[in-house]
Amino acid sequence: MSTTGLREPPVLKTSATQHLVNARPQAATHCEDLSVSGDVQDLTAVHKITVQEWGYLSDTRPKTAGGSLTPHAPEHLLGALSSYLCHTLIIGAIYRELEFELIKVDVVAKNNDAHFYLIEQSDPRTPYDFEVTVHLVGANAAQKQIDHLISYAESTRRAEKPAKARTQANLIRQAVAA
């Protein structure tokens, strides 16, 4: 039995997920309102972000008088997308009884802040040209099963829709043998 990685089925997540499905079989009971708050209170311009009872900081680059104390907002967006896809892939793997040593999601995008400085430019005002690479390490699955899992993850890209499809992410299939 492996003591690291995702080789053994995540028993607690599998059990909790099945309990939730049995307790709330209707799709509408899984809909939730989300809320995040951000504020800037002093001359450092460091943003305090509050999500539920948690908080974290967001800073800007030195070129805009920030201290680079934390990732800046566009990087947080990429991190959120990576986290969302990791979650989606682990749930998809559980339901497909697939095992991996590691699921890693890399997200890269372009970002042009010229509009903040009133400089004319044609790029979108938000991060764009997203590229997502999924690494599935130590898979116990055939390529067809992996392709199906990736297709499942692609079909759940609801996180992009609020940005009016400006975030065109293309998942790159990459399975690495153990």
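Since the model is a prediction, treat every value here as computed from it, not as a measurement.

Visitor: Go over the overall build of the chain, please, and point to the residues and values.
Guide: The helix and strand inventory of the chain stands at three helices and six strands. Each helix and strand of the chain, placed in order from N terminus to C terminus, yields the pattern α-β-β-β-α-β-β-α-β. Buried positions account for 27% of the 178 residues belonging to the chain. Across the chain, contacts joining residues at least 24 apart in sequence account for 55% of those joining residues at least 6 apart. As presented, the chain carries roughly 12,000 Å² of accessible surface, and 57% of it is formed by carbon and sulfur atoms.

Visitor: Give a description of the nonpolar core that names residues and reports values.
Guide: Grouped together as the largest cluster of nonpolar side chains are 22 residues, with contacts concentrated most on Leu89 and Leu136. Secondary-structure elements contributing two or more residues to this core are helix H2 (73-95), strand S4 (102-110), strand S5 (128-137) and helix H3 (143-155).

Visitor: Which residues make up the layout of surface pockets, and what are the values?
Guide: In this structure, the second largest pocket occupies an estimated 300 Å³ of space. Lining the second largest pocket are 17 residues, and of these Thr60, His72, Pro74, Asp113 and Phe116 sit closest to its centre.

Visitor: I'd like to hear about the environment of valine 107, residue by residue, with values.
Guide: Note on placement: valine 107 falls in strand S4. Separated by 26 residues in sequence, valine 107 and leucine 81 place their C-alpha atoms 7.5 Å apart. Apart from the residues within four sequence positions on either side, valine 107 is in contact with Leu78, Leu81, Ser82, Phe130, Glu131 and Val132.

Visitor: Residues and numbers for unusual backbone geometry, please.
Guide: One non-glycine residue, glutamine 52, lies in positive phi territory at about 55°. Counting through the fold element by element, glutamine 52 comes out in the loop between strand S2 (47-51) and strand S3 (54-58). A residue is classified by how much of its surface remains accessible, and glutamine 52, at 58% relative accessible area, is exposed. Notably, leucine 118 is not glycine yet its phi reads approximately 60°, a positive angle. Checked against the element boundaries, leucine 118 lands in the loop between S4 and S5.

The rules behind these values
Residues numbered from 1 in each chain as written. Predicted model: local features only at pLDDT ≥ 70, side-chain atom pairs only at ≥ 80, totals over all residues. Heavy atoms only, no water. Helix = DSSP H or I, 4+ residues; strand = E, 2+ residues; numbered from the N terminus. Buried < 20%, exposed > 50% of the residue type's maximum accessible area, 1.4 Å probe, protein only. Contact = heavy atoms within 4.5 Å. Areas by Shrake-Rupley, 256 points an atom, 1.4 Å probe, with all protein chains shown as cover. Core = buried A, V, L, I, M, F, W, Y, C linked by side-chain atoms within 4.5 Å. 1 Å grid on protein atoms, 1.4 Å probe; cavity = no way out; pocket = protein on both sides within 12 Å on 5 of 7 lines; lining within 4 Å. Points joined across faces, edges and corners; volume = space filled by probe spheres on them.

Worth remembering: the numbers are spatial, not functional.
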